[in-house]
Amino acid sequence: MSTNALIAYFSISGQTIGPNMTIRNQEKGNTQIVAEFISEATGAPLFRIQTKQTYPEDHMELIHFAQNEQKNGVRPELVALPENWESYDTVYLGYPNWWAELPMPVVNFIESLDWSGKTIRPFCTNEGSGLSGTVRQIKRLAKGAKVEKAISVTGSRASQSKDEVATWALK
């Protein structure tokens, strides 16, 4: 695996809703779990996309909050951007699918960086909506980047996806 890879991900812990509307509380968000599997498989470092604002831990509040951000085009202020950005040629970009789109912190992250000459390998967690239009969004926002085949992982089975994720990450 390339030593010039970075795993950048946005993930929310707290309450999540799985199949049959079962509510679970998680210390780690589903996207973080998948990001850690990719790091184990590739040896690439992790970079967590974080905002200065906090998000609601209650799942229903969170999804409505996220929808409001999208409707209003809010770009939440990020805590930091990766150091030595120019040294990475491949970026595994992870995010939850919120309302069939990228979360606004991920939009802000993409818009804040120069993607010229980079390869993006998207990975997405969701409870059944798959990738929706998120890969098209990435292609539109990350000007100059090559976007490779993405993987979609059902959030409620993220912790059981290690082999599937490693196989995808190492292709």
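Heads up: the structure comes first, above all this text.
The rules behind the values
- Residues numbered from 1 in each chain as written.
- Predicted model: local features only at pLDDT ≥ 70, side-chain atom pairs only at ≥ 80, totals over all residues.
- Heavy atoms only, no water.
- Phe/Tyr/Trp six-rings, centres within 6.5 Å; stacked < 30°, edge-to-face > 60°.
- Buried < 20%, exposed > 50% of the residue type's maximum accessible area, 1.4 Å probe, protein only.
- Lys NZ or Arg CZ within 6 Å of the ring centre and 35° of its normal.
- Salt bridge = Lys/Arg side-chain N within 4 Å of Asp/Glu carboxyl O.
- Helix = DSSP H or I, 4+ residues; strand = E, 2+ residues; numbered from the N terminus.
- Pairing = 2+ DSSP bridges.
- Right-handed = clockwise from strand over helix to strand, strands pointing away.
- Lys, Arg positive; Asp, Glu negative; His and termini not counted.
- Contact = heavy atoms within 4.5 Å.
- Expected span 1.5 Å × (residues − 1).

Colleague: I'd love a proper account of the packing of aromatic side chains, names of residues and values included.
Modeller: In this structure the tally under the stated criterion is 10 aromatic pairs. Between Phe 109 and Trp 115, the ring centres sit 6.2 Å apart and the planes meet at 70°, which makes this aromatic pair edge-to-face. Taken as a pair, Phe 109 and Trp 115 share a single burial class, namely buried. Each residue in the set Phe 10, Tyr 55, Phe 65 and Trp 98 is aromatic and connected to the rest through ring pairs, giving one cluster. Across the ring face of Trp 85, the terminal group of Lys 118 is positioned such that the distance to the ring centre comes to 5.0 Å.

Colleague: Run through the pattern of salt bridges, naming residues and quoting values.
Modeller: Going through the model one piece at a time under the given rule, you end up with 7 salt bridges. The residue Glu 164 makes a salt bridge to Arg 157 at a minimum N-O spacing of 3.2 Å. Owing to a relative accessible area of 34%, Glu 164 belongs among the partly exposed residues under this scheme. The network of salt bridges with shared partners includes Arg 121, Lys 146 and Glu 148.

Colleague: Talk me through the pairing of strand β6 (residues 119-126); I want residue IDs and the actual numbers.
Modeller: Counting buried positions along β6 yields 8 of 8 residues, so the element is predominantly enclosed. Examined bridge by bridge, strand β5 (residues 90-96) and β6 share 7 bridges and lie parallel to one another. In the sheet register, Thr 90 faces β6, and the bridge partner there is Thr 119. Handedness of the crossover joining β5 and β6 through helix α3 (residues 104-111) is recorded here as right-handed. Pairing of β6 with strand β7 (residues 146-147) involves 2 bridges; the strand directions are parallel. When the bridges of β7 are listed, Ile 120 appears paired with Val 147. When β6 meets strand β8 (residues 151-154), the two strands line up parallel, connected through 4 bridges. Counted as the bridge partner of Thr 125 is Val 153 from β8.

Colleague: Break down the side chain of Glu 69 for me, with residues and values.
Modeller: Within the fold, Glu 69 resides in helix α2 (residues 59-72). Nearest to the buried, unbridged Glu 69 among oppositely charged side chains is Arg 75, at 9.3 Å. Excluding residues that lie within four positions of it along the chain, Glu 69 makes contacts with Gln 53, Tyr 55, Val 74, Pro 76, Met 104 and Pro 105.

Colleague: Before we move on, could you go through helix α1 (residues 30-42) and cite the residues and values that matter?
Modeller: For α1, built from 13 residues, the straight-helix expectation of 18 Å at 1.5 Å per residue is met to within 8% by its first-to-last C-alpha distance of 19 Å. In terms of burial, α1 is a largely internal element, 10 of the 13 residues being buried. Those residues of α1 that sit buried are Asn 30, Thr 31, Gln 32, Ile 33, Val 34, Ala 35, Phe 37, Ile 38, Ser 39 and Thr 42. Looking one or two residues past α1, Gly 43 carries a phi angle of roughly 80°, positive in sign.

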